[in-house]
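Chain by chain, the residues:
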Amino acid sequence: MAATGDEAAAMDSISREPASLPAALDVAGGSSSGSPAEHPEAEAENPRPSLCDGGVETAEEAVEPAEPDINELCSDMFEKMAIFLQGELTATCEDYSLLENMNKLTSLKYMEMKDISINISRNLQDLNNKYASLQPYLDQINKIEEQVTSLEQAAYKLDAYSKKLEARFKKLEKR
């Protein structure tokens, strides 16, 4: 996945070489940048062989290139680290803000559910009280129902007995 935008700029600035690197090595009299007057200390330490020396070249001491400006690289690193940490802290703050909002909403929902359950409990209590006040009437209805059932059975017995009597009467009448 290729880096784009700010990421690419950050990666370029990290990987770029400092522009202030002096020419460190001057091999076989060739100048890599600028004239010998630009680097008088290098010329004083390593005199160049000339053809008048009898054509013998002398070995030159290899000089390490100067290190890039450490202070510049450190400040660049600290700036990028600060940006990174600022992003991390911002994300963490946003996460905590989101959690806080979710907790507030959850608390409100639980408060609503509590109010609903209180109302249901109150209504159930009212229904229980009404049922208790209706209980004597319900007992009377049950007693009446039992009496109606026994009266109905007596009516069936009376009907059966009257049918038997009628059948006997018709039998006697025919004789």
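Residues numbered from 1 in each chain as written. Predicted model: local features only at pLDDT ≥ 70, side-chain atom pairs only at ≥ 80, totals over all residues. Heavy atoms only, no water.

As recorded in an unreviewed UniProt entry, the protein chain goes by Biogenesis of lysosomal organelles complex-1, subunit 2 and comes from Oryzias sinensis. Recorded in UniProt for the protein chain, the comment headed Sequence similarities (unreviewed entry) runs: "Belongs to the BLOC1S2 family." (UniProt positions renumbered as here; feature names shortened; annotations may be inferred.)

Draft legend 1. Structural context of a nonpolar patch on the surface. Nonpolar side chains collect at one region of the surface, where Y131, L134, Y137, L138 and I141 lie side by side and expose about 530 Å² of accessible area between them. L134 sits in the partly exposed class, given a relative accessible area of 46%. (Patch = residues over 30% accessible without salt bridge, like charges linked within 9 Å, V, L, I, M, F, W, Y side chains within 5 Å. Areas by Shrake-Rupley, 256 points an atom, 1.4 Å probe, with all protein chains shown as cover. Salt bridge = Lys/Arg side-chain N within 4 Å of Asp/Glu carboxyl O. Buried < 20%, exposed > 50% of the residue type's maximum accessible area, 1.4 Å probe, protein only.)

Draft legend 2. Structural context of the pattern of salt bridges. Tallied over the entire structure, the rule returns 4 salt bridges. We note a salt bridge from D76 to K80, for which the minimum N-O separation is 3.0 Å. Note that D76 and K80 are positioned in helix α3 (residues 70-174) at a spacing of 4 residues, about one turn of the helix. The class for D76 is buried, based on a relative accessible area of 17%. Residue classification places K80 among the partly exposed positions, given a relative accessible area of 22%. (Helix = DSSP H or I, 4+ residues; strand = E, 2+ residues; numbered from the N terminus.)

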